[in-house]
Amino acid sequence: MAEYGDIRTGRHCVFVLHAHLVFVTKFRHPVFTGAHLERMEQIMRTVCADFECELAEFNGEANHVHLLVNFPPKVALSRLVNSLKGVSSRRMRTEFPELARHYYRANKLWSGSYFAGSVGGAPISVLRQYIEQQNRPV
């Protein structure tokens, strides 16, 4: 079970939803430095706050970033990802013009694809066993 601090409430629900997101640079070019990643973390925290989400963890390497996002059920993960990638790409390319030279034709920082995985909670096998063992009325 999740830590009590992770449990959030909405008007009609109680939830703990975490997603692991991975974004890869266009053509997998190794373009990020430590300064790039620091600024990108700030940008992505701002976008998450706009969606009433929390960026729990952020890190990356030269050609990709990892995010751990705590989000409410009213947020469509695909819309959050679209906004995270779009806003970060636009702001990073304006604030760091040296990034643009790697993408002179595509004019995009990120690859069109991404990884999203659900995180936390009990393993599927435990959940299946729990549901199977419910006392169904006859």
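A brief structural summary. Values in this document were obtained by computation on a predicted structure and should not be read as measured data. (Residues numbered from 1 in each chain as written. Predicted model: local features only at pLDDT ≥ 70, side-chain atom pairs only at ≥ 80, totals over all residues. Heavy atoms only, no water.)

Moving on, we come to helix H2 (residues 77-95). In this model, H2 (19 residues) spans 27 Å end to end at C-alpha, consistent with the 27 Å of a helix rising 1.5 Å per residue. All of the buried residues in H2 are Leu-80, Val-81, Leu-84, Lys-85, Val-87, Ser-88, Ser-89 and Met-92. (Helix = DSSP H or I, 4+ residues; strand = E, 2+ residues; numbered from the N terminus. Expected span 1.5 Å × (residues − 1). Buried < 20%, exposed > 50% of the residue type's maximum accessible area, 1.4 Å probe, protein only.)

Across the sheet, which stays open at both edges, the four strands sit in the order E4-E5-E3-E6 with antiparallel pairing between neighbours. The outermost strands of the open sheet, each flanked by one partner alone, are strand E4 (54-60) and strand E6 (110-119). Averaged over all neighbouring strand pairs, the angle between strand axes comes to 20°, with direction disregarded. Bridging between strand E3 (residues 18-25) and E6 involves seven bridges; their strand directions are antiparallel. (Pairing = 2+ DSSP bridges. Axes fitted to C-alpha atoms, helices over the stretch in contact; angles between N-to-C directions.)

This part is about the pattern of salt bridges. Scanning all chains against the criterion turns up three salt bridges. Note that Arg-45 and Glu-41 form a salt bridge whose closest N and O atoms lie 2.9 Å from each other. On the criterion of helical spacing, the pair formed by Arg-45 and Glu-41 is a turn pair, its members being four residues apart in helix H1 (residues 34-50). For the salt bridge of Lys-74 with Glu-52, the shortest nitrogen-to-oxygen distance reads 2.9 Å. Of this pair, Lys-74 sits in the loop between strand E5 (64-70) and H2 while Glu-52 sits in the loop between H1 and E4, and the two are 22 residues apart along the sequence. The class for Glu-52 is partly exposed, based on a relative accessible area of 45%. (Salt bridge = Lys/Arg side-chain N within 4 Å of Asp/Glu carboxyl O.)

Just geometry here; none of it tells us what the structure is for.
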